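Each chain is listed here by its residues.
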Protein chains: 2
Amino acid sequence: MPNSKKDIIILGGGLVGSLLSIYLAKEGFQVTVYEKRPDPRIEDLDAGRSINLALSHRGIKALTEVGLAETVKPELIPMMGRIMHDQKGKTNYQAYGKKGQFINSVSRNRLNTVLVKEAIDEGVVFCFEHLCEKVDTRTNEAFIRPINGGETLITTASLIVGADGAFSSMRRSFQYVPGFNFSQDYLEHGYLELTIPPTKNGDFALEKNGLHIWPRGHFMFIALPNPDKSFTCTLFFPLKGELSFESLQSQEDIAQFFEEFFPDIVPIIPNVVEEFKKNPVSSLVTIKSSPWTVNRCLILGDASHAIVPFYGQGMNSGFEDCYELMKMAKSMDFDWDKLLPKFSENRKKDADAISNLALKNFIEMRDKVADRTFLKRKKVEAALHDLFPDLWVPQYSMVTFSDYSYSDAEYIGKLQDQVMRENRAIWEDRDPTPSDLAFIAEKFSILMTASLKAHL
Amino acid sequence: MPNSKKDIIILGGGLVGSLLSIYLAKEGFQVTVYEKRPDPRIEDLDAGRSINLALSHRGIKALTEVGLAETVKPELIPMMGRIMHDQKGKTNYQAYGKKGQFINSVSRNRLNTVLVKEAIDEGVVFCFEHLCEKVDTRTNEAFIRPINGGETLITTASLIVGADGAFSSMRRSFQYVPGFNFSQDYLEHGYLELTIPPTKNGDFALEKNGLHIWPRGHFMFIALPNPDKSFTCTLFFPLKGELSFESLQSQEDIAQFFEEFFPDIVPIIPNVVEEFKKNPVSSLVTIKSSPWTVNRCLILGDASHAIVPFYGQGMNSGFEDCYELMKMAKSMDFDWDKLLPKFSENRKKDADAISNLALKNFIEMRDKVADRTFLKRKKVEAALHDLFPDLWVPQYSMVTFSDYSYSDAEYIGKLQDQVMRENRAIWEDRDPTPSDLAFIAEKFSILMTASLKAHL
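Worth saying up front: this structure is predicted, and the values here are computed from it rather than measured.

Draft legend 1. Molecular detail of the overall build of chain A. Looking only at helices and strands, one finds 15 helices and 19 strands in chain A. The C-alpha radius of gyration of chain A comes to 23 Å, within 12% of the 23 Å expected for a compact globule of 456 residues. On the principal axes, the C-alpha backbone points of chain A span a range of 70 × 60 × 40 Å. Here chain A, with 456 residues, has 55% of them falling under the buried criterion. The contacts in chain A between residues at least 6 apart in sequence include a share of 70% that link residues at least 24 apart. Summing over all exposed atoms, chain A offers an accessible surface of approximately 20,200 Å²; the carbon and sulfur share of this is 51%. Distance between charge centroids for chain A: 3 Å, based on 53 positive and 61 negative side chains.

Written as C-alpha cells, this is what we have:
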C-alpha cells in the first residue's frame, strides 16, 4: 500500500485525537482520523451522560499553541474554587489559586465538536463509525472495520497514533509485543451521574462559578456547572460493601441515603431516586504502560496513561502530550524513529506522576477538604505563595496553573509536605507571623538545595 | 447449547491443564481439553528448546494426590544442591536442604506427555490443534478454532478453566471486564538456551546431581541435567546495554565473552558461538491478575500468575493451584459459584508472594551466591535449622520442601532477615556457638510471637 512520508493516521477522534490532528495538519501532514462513534457535529454522543471536564492551564496552553484559545472560550464556565457542602447543608469556600486563577467547566462533547470542526477546516479527513480492530506493529498496518458493514480496510502511514482511549485497540496490540509493560487497576469505587436542572426561574440552582463538593469520608458527590444552567453531578461511591451501590437497592434506602448525607441536594434534583436507579454505574481505572511506542506506532492520552478524574488532569495531560510531542518533533525535524522512543521515555515519568497525584487527590477531596488541619495548611500555603511567589508554589497550583512538569510537581510537593510536617508547631494551632513564614520558606529552600545537589 | 453439571472445559493441555483434567476426571467430571499445539505423544514440542524445570515438594504433593508420584519418577534427576562455578572454573557446592532433601530436573515435554497419557486413560478428551480465540464471560462460551481449518466452534460447560499459559486467551477476555486488575512486567534480562552434550565416552560432562550456576553479578548461566546425559543450559543476560544480547553480535565478541566469563563451558559446548547466534532470545515476564474468576470461568497457573523462573516454582505453584482448588472444591461440594471467588481471593496472595520471591531470587542467584557473607549466612541458617528444626526453617526450605503457604514463607523470611541483620555481630565474622544459635532462635521466637499478636 503506497504511503507518503507526510501521511499520518490517528485512531480515535476524541479530544486528544482531534487536537493532535490539528497540530499535524498545521505542519503540512495529511491526517486521517478513524473514529468508531458517529460524527459529534450531528449526534449528541453523551446523550444522557453529559460528562464534564475541568480545563486548566496545560490544556489551554496546548489549545493556544494552535490558535484555539478564543474559539473554545464560549464553552467554558470559570470555577474559582471548591465549594464544600457539609451534612447540614452549610457551605465553605476555598479558592483554587491566587486572584485571577481558575479552572473551567466544559462539556466533553461540546469541546469535541469544536475540535472536530476546526480539524476539518484544516483539511483533516475524519472517517466516523470506523472501528480499529487491531494494529500489526511489525508492518505498521491498522485494520479498520466500518461499523455499518463492509469489508475491513488494511491501511498504513508513516505514523499511526493510537489516541483511542482507556480501552485502546492499539494498546491491546502492543500487549503482544515482548517488553511492553502494562497495568490496569480498578478502584473499589465506581461512579454514577445525576443532573441538577436549572431552577423554575431558569437560573443555576447553586452558585455558578465553583466546583461543588459534598465530601463524606469514604465517598463524595460533586457538581460542575453547564452553560445551560444545569449542573452535572457525580457520586463517587464504593461498588460493594456495607454502604455501596450494591447495598443501596430499594427506593426507601436510596431516598434515606440522600436525605441523610445530601439533604441540600434532594430539593434540587427532581426524582433523584428514579435517576439513581436508572443511570448506569461506571468504573474507574488507572492504566499505565511503557514504552508508548512500537515501530511507527504511538499511544497517547488515555490510551497510554488513563488516570482517575480527581485532579481534573485527564484531558489536560492528554492535551499536554500533544504539545510536548509536537515541540520535540519540531526540534528533531520529525524524525519519528528517533523521537518516538525519546518522547515516550520523557513523558512517561510525568504521566506516572499525575497518575499518582490523581489517586492521592481522591482521598483529599472526599475526606480531607472537611478537615480543619488540612484547611489551615491550605491557608498557610496560600500565604507562603503570596510572600514568596516563585519559591513556594502550592502543589495544586504547580499542577493546575503552571508549566512545572508533573514529576517536578510531585517531587517538590513531597518536600513541601516534609517542611510543613517538621514545622507543624509554627502554623497548626496559631496564625504564623510573616517571620514564621519566612522561617518555613528558608527551611524549604535549604531542603530544595540539598535535594538538587543530591541529584547532580 | 446443552451441558450437564458434570461437563468441564479446560483451555490448554500443558502441565497445569492436563494435571487438572486428571483431578477432575477422577471426581467423575467429563473433561474436554482444547490445546493449540499438536499431541505431545506424537511430536516433540520443544524440539530445539528442551526447557527444563525443577520439580519439588509442592509439585510432587499435587502429583501424589492423584497417584502419579511413581509414574513420573523415571523422568526425574535429583539435584542435591547448587554447584557454583567461578571465573577460574573452580566450583563450590551448596546443599539445597537437609540430607535427603533435593529438587528434581525434569523435561517439560516429557512430563507433559506422561500427564496427557494418564489423563486420556482417565477418560479426558483432548482436542489438539484447537485454539481458543476468546471467551464470552457473560455466557460462559469459549470460541474454539481448529488450527488446520474448519469453522469456529462455540462451546460451553458448567466450568471453563483457562490453563492456557502466560499469554492466556481467557485472561485477554477478562481484560474487557470492569474490575479486572492486571499487569504484565518484563525484566530487562532475556534468556537464551544452549546444550552441553554428553562426553565422547557417553557420560555427563559435569556433576550430574546438581544445578550448576555460573553467577556473574548482572548475569548468569545455569545448567540442569537431562536423562540423556546432556545438560540444558540457560544464559540470563541483559537485552540491551554495554554487555548484552544486543551488544554481542560478532563471532569474535561472542567467543571472547564465553572465554572471559565461562572458561570451563567453552570446551564442553561444541560450536558455542554458532549455537549462541542461532538460538532465539526469549523474554521474561511477570503477570499478576485479580480476580482469577469471572462468572463460571477461572484462570489458573501461568494464565493468572506467570512468574520468573528463578525460584524454580512456576510449575510447582501451578500444580499446587490444582491441589488447593480441588481441596476447596471437595470441601464446598463443587459449588463453583461460591468457591471460585473464594479460591481466587485465598490463592492470589500466595501467588503474589512467590512472584516477589522469584524476582528477589534472581539477584541472589546471579550475584549473592558468590558472596562470602551470603554463604556464611546460609551455613548459619542450616545450623539453626538442625538445632531448631521446627522453629527455624530457612526460607528456601519453606518454599521448596514444605507446605508453608508462599505468603507465610515470604513473611517469616522477612522476620528471619531482621533477626539475622540485628544479630550480625554473633555470626558474620565468627563461628556461632550452640548458645549463640539459641540466642538467635530466641530473638526470632520473640519476634514471631509479637508479630502474631499484632495480627490478631
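Draft legend 2. Quick peek at the sheet that holds strand S12 (residues 159-162) of chain A. Residue and element names in this part refer to chain A. Strand order in the open sheet formed by 6 strands is S8-S2-S1-S12-S19-S18, with mixed pairing between adjacent strands. Sheet topology places strand S8 (125-128) and strand S18 (293-294) at the edges, where each strand pairs with a single neighbour. As judged from the 3 bridges shared by S12 and strand S19 (residues 297-299), these two strands associate in the parallel manner. Its bridge partner lying in S19, Ile 160 is registered against Cys 297.

Draft legend 3. Fine view of the environment of Phe401(A). Residue and element names in this part refer to chain A. Structurally, Phe 401 can be placed in helix H12 (residues 395-401). On the basis of relative accessible area, Phe 401 is assigned to the buried category, the value being 15%. Between the C-alpha atoms of Phe 401 and Gly 97, which are 304 residues apart in sequence, the distance is 8.1 Å. Excluding residues within four positions of it along the chain, Phe 401 makes contact with His 57, Tyr 96, Gly 97, Gln 101, Phe 102, Ile 103 and Tyr 396.

Draft legend 4. Here's a closer look at the interface of chain B and chain A. Contact residues are listed per partner, giving 14 residues for chain B and 14 residues for chain A. Both sides together, the interface formed by chain B and chain A hides about 1,300 Å², and carbon and sulfur atoms give 37% of it. The tally of links between chain B and chain A comes to 0 salt bridges. There are 11 residue pairs in polar contact (both at pLDDT 80 or more) connecting chain B and chain A. Ranked by residue count, the leading element in the side of chain B that touches chain A is strand S13 (residues 181-196) of chain B, at 6 residues. Along the lines of polarity and charge, the residues of the side of chain B that touches chain A split into 6 nonpolar, 6 polar and 2 charged.

Draft legend 5. Expanded view of the domain arrangement of chain A. Its domain assignment divides chain A into domain 1 (7-75 + 108-183 + 285-361), domain 2 (185-283) and domain 3 (371-455). Summarising the inter-unit geometry, the C-alpha centres of domain 2 of chain A and domain 3 of chain A are found 34 Å apart.

Draft legend 6. Local environment of the pattern of salt bridges. Counting across every chain of the model gives 49 salt bridges over all chains. One salt bridge in this structure joins Asp39(A) and Arg41(A), with 2.5 Å as the shortest N-O distance. On the accessibility criterion, Asp39(A) (9% relative accessible area) is buried. Residue Asp431(B) pairs with Lys376(B) through a salt bridge whose shortest N-O separation is 3.8 Å. Residue Asp431(B) is found in the loop between helix H14 (424-427) and helix H15 (434-455), and its partner Lys376(B) is found in helix H11 (residues 372-387); the two are separated by 55 residues along the sequence. With a relative accessible area of 65%, Asp431(B) lands in the exposed category. Given a relative accessible area of 14%, Lys376(B) falls into the buried group. Overlapping salt bridges, with partners in common, bring together Arg58(A), Lys61(A), Glu320(A), Asp321(A), Arg347(A) and Asp403(A) in one network.

Draft legend 7. View of the pairing of S12(A). Residue and element names in this part refer to chain A. Burial of S12 is two-sided: the residues Leu 159 and Val 161 facing one way and the residues Ile 160 and Gly 162 facing the other way are all buried. In the sheet, strand S1 (residues 7-11) pairs with S12 via 4 bridges, with the strands oriented parallel. Pairing of Ile 10 across the sheet is with Val 161, part of S12.

Draft legend 8. Representation of the relation of the copies chain B and chain A within the structure. Rotating chain B by 180° about the axis while translating it 0.0 Å along that axis superimposes it on chain A, leaving an RMSD of 0.0 Å. Both copies are brought into coincidence by an operation consistent with a two-fold rotation axis. Proximity to the rotation axis, assessed at the C-alpha, singles out Ser183(B) in chain B; its C-alpha lies 2.0 Å from the axis. Of the residues that chain B buries at the interface, 100% are likewise interface residues in chain A, meaning the two copies contact each other through the same surface.

Draft legend 9. Quick look at the environment of Met170(A). All names here are of chain A. Note on placement: Met 170 falls in helix H5 (residues 169-174). Considered as a pair, Met 170 and Leu 11 are 159 residues apart in the sequence and their alpha carbons are 8.1 Å apart. Among all residues touching Met 170, those that are not within four sequence positions of it are Leu 11, Val 135, Ile 160, Val 161, Gly 162, Asp 164, Cys 297, Leu 298 and Ile 299.

Draft legend 10. Structural context of the sheet that holds strand S18 (residues 293-294) of chain B. All names here are of chain B. The strand order across the open sheet built from 6 strands is S8-S2-S1-S12-S19-S18, with neighbouring strands paired in mixed fashion. On the outer flanks of this sheet lie strand S8 (125-128) and S18, each paired with one strand and no other. Against the sheet, helix H1 (residues 15-26) makes contact with strand S1 (7-11), strand S2 (30-35), S8 and strand S12 (159-162), and its axis sits at roughly 170° relative to S1, the strand it touches most.

Draft legend 11. Layout of unusual backbone geometry. All names here are of chain A. Along the chain, Ser 290 connects to Pro 291 via a cis peptide bond; the corresponding omega equals -10°. As for its position among the elements, Pro 291 is in the loop between strand S17 (282-290) and S18. Residues other than glycine seldom take positive phi values, yet Glu 129 does so here, at roughly 55°. Among the structural elements, Glu 129 can be located in the loop between S8 and strand S9 (130-136).

Draft legend 12. Main features of the state of the cysteines. Throughout the structure, instances matching the rule amount to 0 disulfides over all chains. A disulfide-free cysteine, Cys132(A) has its sulfur positioned 9.2 Å from the sulfur of Cys297(A), the nearest such atom. For Cys132(A), a relative accessible area of 11% puts it in the buried group. Here Cys322(B) is not disulfide-linked; the sulfur of Cys297(B) is the nearest cysteine sulfur, at 17 Å. Judged by relative accessible area, which is 0%, Cys322(B) ranks as buried.

Reading the values: rules and limits
All chains use their own residue numbering, which begins from 1 and follows the written sequence. Chains carry letters from A onward and ligands carry numbers from 1 onward, assigned in written order. Given that this is a predicted model, residues contribute local features only at a pLDDT of at least 70 and side-chain atom pairs are listed and counted only at 80 or more, while totals for whole chains, interfaces and linings are drawn from all residues. Remark: hydrogens and water are excluded; side-chain values derive from all non-hydrogen atoms of the structure. Starting at the N terminus, helices and strands are each numbered in turn, a helix being any DSSP run of H or I of at least four residues and a strand any DSSP run of E of at least two. Between the two quantities, the radius of gyration covers C-alpha atoms and the globule rule is 2.2 Å times the number of residues to the power 0.38. Burial classes follow relative accessibility: with a 1.4 Å probe on protein chains only, a residue under 20% of its type's maximum area counts as buried, one over 50% as exposed, and anything between as partly exposed. By the convention used here, residues are in contact when the closest approach between their heavy atoms is within 4.5 Å. Throughout, the Shrake-Rupley method with a 1.4 Å probe supplies accessible areas, and for residues the shown protein chains are the sole cover considered. Charge assignment: positive for Lys and Arg, negative for Asp and Glu; neither His nor the chain ends contribute. Where a charge lies is defined by one atom per residue type: Lys uses NZ, Arg uses CZ, Asp uses CG and Glu uses CD. In short, DSSP must find at least two bridges between two strands for them to pair. Defined here as a combined quantity, buried area equals the accessible surface (1.4 Å probe) lost by two parts on assembly, summed across both. For salt bridges, the criterion is a side-chain nitrogen of Lys or Arg within 4 Å of an Asp or Glu carboxyl oxygen. The definition of a polar contact used here is a pair of N or O atoms within 3.5 Å, where within protein one atom must be able to donate a hydrogen and the other to accept one, and adjacent residues in sequence count solely through side-chain atom pairs. Gly is put with the polar residues, along with every residue not named as nonpolar or charged; the nonpolar set is Ala, Val, Leu, Ile, Met, Phe, Trp, Tyr, Cys and Pro, and the charged set is Asp, Glu, Lys and Arg. Per the annotation, domain bounds derive from an automatic or database assignment of domains. The copies are overlaid by a least-squares fit using only the C-alpha atoms of residues whose pLDDT is at least 70 in both copies. For helices, the fitted line uses only the C-alpha atoms of the stretch in contact; every axis is such a line through C-alpha atoms, and the angle between N-to-C directions lies from 0 to 180 degrees. We call a pair of cysteine sulfur atoms a disulfide whenever their separation is within 2.5 Å.

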